[in-house]
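# Results of the structural survey
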Amino acid sequence: MLDRISGWQIAVTVLLALVAYDQFIYIWRKGSIAGPMFKVPFMGPFVQALNPKFEAYKAQWASGALSCVSVFHKFVVLASDRDIARKVFNSSAYVKPCVVPVAEDIMRPSAWVFLDGKAHVDFRKGLNGLFTRKALDCYLPTQAKVLDDYFGKFVSASEKNKGQPMAFMGFFREINCALSCRTFVGHYISDEAVKKIADDYYCITAALELVNIPFSLYVPYSKVWLGKRAADVVLAEFTKCAAASRIHMAKGGKPTCIIDRWIASMIESQKYRDEIANGNADAAKPSILLRHFSDFEIAQTMFTFLFASQDASSSATTWLFQIMAQRPDVLDRVRQENLNARGGTKDGFIGLEMLESMTYTNAVIKEVLRYRPPVIFVPYLAKKAFPITPTYTVPKGAMVIPSCYPALHDPEVYPLPDVFDPDRWITGDAAEKSKNWLVFGTGPHNCLAQQYVQLTMTAMLGKASLELDWVHHATDRSEEIKVFATLFPMDDCRLVFSRRP
């Protein structure tokens with residue numbers, strides 16, 4: 001009888017058994033939470049994941065406090081409820097950041113963002129000194145030079161285009177890459193290298209999709225393959241910068257960027273150890289005692305900073321300039337506040353205290369970050385079965401994704417959430433709603449540089465308001481949201497820039 005069974009019959013039987021098993025596993029993992037009743041065999045909604053739609057994300061969040069999808073072998077649980085999202089952020093015993101499944105391949109598994117428990121806490125302590133108020137003040141002069149340079153490029157681009165509107169999203173990606181690179185690694189990196197990193201970073205962003213085709217890292221010219229090679233170039237460039245900084249600081253140089261300050265702290269820590277070893281028990285101990293970090297470890301950490309900042313800051317900048325052009329009443333108040341803070345002259349020095357003193361400009365930045373949050377969710381990986389609610393447990397190995405957008409658009413917390421209203425942070429009570437302020441996450445892995453991000457944007461907007469005029473030429477897709485790692489206007493923000501008199 002077995003002789004009568006053809007190879008096709010065996011193949012079909014095996015296929016049907018695998019499909020049934022795939023469905024059974026999905027339904028068992030799904031349990032009682034929202035999600036499709038059945039899974040497209042094996043691949044799930046992979047095609048939709050290749051071109052994610054923001055409206056689809058909103059529909060998923062609206063489907064339930066917890067919902068799920070399954071793409072290929074990866075089961076994904078999304079948390080749209082604020083309190084559940086916060087629980088994920090704060091449950092380091094059950095979850096660890098994974099960004100996306102291929103992130104460890106792109107950034108290397110040894111990157112500090114993937115460290116867990118005490119190893120992560122200890123590493124992070126060594127980085128805190130890079131974002132103190134004193135450190136942030138040190139970076140401002142370098143950032144001002146970058147802004148001068150790129151504001152000139154904005155105007156020149158508009159002039160070359162004969163005053164016709166053009167897409168500026170690419171320019172905003174480049175200015176943020178330059179701000180990051182100059183802040184992180186100073187002038188140890190060339191202008192040409194900054195431009196190449198900004199251009200190639202598209203490959204890195206494209207590679208970091210929520211779900212990729214299995215083994216695509218090894219497929220030449222696939223998104224992940226190209227992204228990995230672009231990341232390797234950035235790491236090599238930053239490693240050279242770290243080596244140059246080490247030489248500069250060993251000669252007693254003045255720190256002007258993050259790697260300078262980090263290496264200066266290492267030198268200070270080593271001097272303390274040497275004095276203790278030589279019997280000087282009274283040697284002054286540094287506030288943070290650092291171990292030696294190799295040039296590659298420094299480069300890898302700077303790359304994680306760039307990863308955290310590039311797409312998010314580019315998104316925030318794009319929406320900032322579009323919204324300010326749409327709201328001249330807001331821009332006029334920003335301009336006047338910045339003029340007053342500089343003593344009536346647009347050329348006044350930008351200092352940390354001045355930036356912090358500008359109540360309205362800071363409120364505008366906070367409202368941009370709430371209204372169009374640059375991070376809509378943060379993927380985590382369940383290290384073990386995670387009882388996320390009394391009635392549902394996330395399976396070990398599943399991705400669990402706390403969503404930030406719903407909390408930031410909760411009408412019970414932020415009345416008229418789809419209206420851009422900076423005054424809600426001044427005369428309203430928005431500032432008191434800290435549990436909903438998930439722009440930078442929360443818990444042990446929250447954004448280390450959140451103060452830096454807000455101050456950099458405040459400085460950018462203030463300087464632009466005094467030195468530039470810009471006009472937004474709206475299209476029927478200006479308010480449509482494109483998802484490319486984060487949120488951008490679908491028409492890439494069509495503007496015309498000119499110099500103010």
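Structure report, in brief. Computed from a predicted structure; not experimentally measured. (Residues numbered from 1 in each chain as written. Predicted model: local features only at pLDDT ≥ 70, side-chain atom pairs only at ≥ 80, totals over all residues. Heavy atoms only, no water.)

## Describing the pattern of salt bridges
Counted according to the given criterion, the structure contains 30 salt bridges. Aspartate 83 is paired through a salt bridge with arginine 82; the nearest N and O atoms lie 2.9 Å apart. A relative accessible area of 42% means that aspartate 83 is categorised as partly exposed. Taking relative accessible area as the criterion, arginine 82 reaches 26% and is therefore assigned partly exposed. Here the salt bridges share partners, and the residues they tie into one network are Asp148, Lys463, Glu467 and Arg499. (Salt bridge = Lys/Arg side-chain N within 4 Å of Asp/Glu carboxyl O. Buried < 20%, exposed > 50% of the residue type's maximum accessible area, 1.4 Å probe, protein only.)

## Notes on the environment of isoleucine 388
Locating isoleucine 388 in the fold gives a position in strand E6 (residues 386–389). Its relative accessible area of 3% is what places isoleucine 388 among the buried residues. Residues isoleucine 388 and alanine 103, spaced 285 residues apart in sequence, show a C-alpha to C-alpha distance of 24 Å. In this view, isoleucine 388 contacts Leu66, Ile84, Lys87, Val88, Thr393, Val394 and Val400; residues no more than four positions away in its chain are not counted. (Helix = DSSP H or I, 4+ residues; strand = E, 2+ residues; numbered from the N terminus. Contact = heavy atoms within 4.5 Å.)

## Remarks on the packing of helix H7 (residues 133–160) against helix H17 (residues 450–467)
Viewed as axis vectors pointing N to C, H7 and H17 meet at an angle of 40°, and their least axial separation amounts to 10 Å. Comparing their axes, H17 and H7 come out oblique. The two elements H7 and H17 meet at a crossing, and its hand is right-handed. In this structure, H7 uses Arg133, Leu136, Gln143, Ala144, Leu147, Asp148 and Phe151 to contact H17, whose residues at the interface are Gln451, Tyr452, Leu455, Thr456, Ala459, Met460, Lys463, Ala464 and Glu467. Its residues assigned to classes, the contact of H7 with H17 shows 9 nonpolar, 3 polar and 4 charged. (Axes fitted to C-alpha atoms, helices over the stretch in contact; angles between N-to-C directions. Parallel < 35°, antiparallel > 145°, perpendicular 65-115°, else oblique. Left-handed = near helix turned anticlockwise from the far one by under 90°. Nonpolar A, V, L, I, M, F, W, Y, C, P; charged D, E, K, R; others polar.)

## Re the packing of aromatic side chains
Under the counting rule described, the total for this entry stands at 33 aromatic pairs. Between tyrosine 57 and tryptophan 61, the aromatic rings sit 6.1 Å apart at their centres with planes inclined by 20°, giving stacked as the arrangement. With tyrosine 57 and tryptophan 61 both in helix H3 (residues 54–62) and 4 residues apart, this pair spans about one turn of that helix. The same class applies to tyrosine 57 as to tryptophan 61, namely buried. Each ring, one from phenylalanine 123 and one from phenylalanine 293, has its centre 5.3 Å from the other, and the planes form 70°; the classification is edge-to-face. Taken together, the positions of phenylalanine 123 in helix H6 (residues 117–128) and phenylalanine 293 in the loop between helix H11 (258–277) and helix H12 (295–326) put the pair 170 residues apart, joining distant regions of the chain. The exposure class assigned to phenylalanine 293 is buried, which follows from its relative accessible area of 5%. Among the aromatic side chains, those forming a connected cluster through ring pairs are Phe151, Phe154, Phe168, Phe171, Phe172, Phe321, Trp470 and Phe497. Cation over ring: arginine 370 sits above tyrosine 414, and NZ or CZ is 5.3 Å from the ring centre. For the cation-ring pair, lysine 384 lies above tyrosine 94, with the distance from its terminal atom to the ring centre recorded as 5.0 Å. (Phe/Tyr/Trp six-rings, centres within 6.5 Å; stacked < 30°, edge-to-face > 60°. Lys NZ or Arg CZ within 6 Å of the ring centre and 35° of its normal.)

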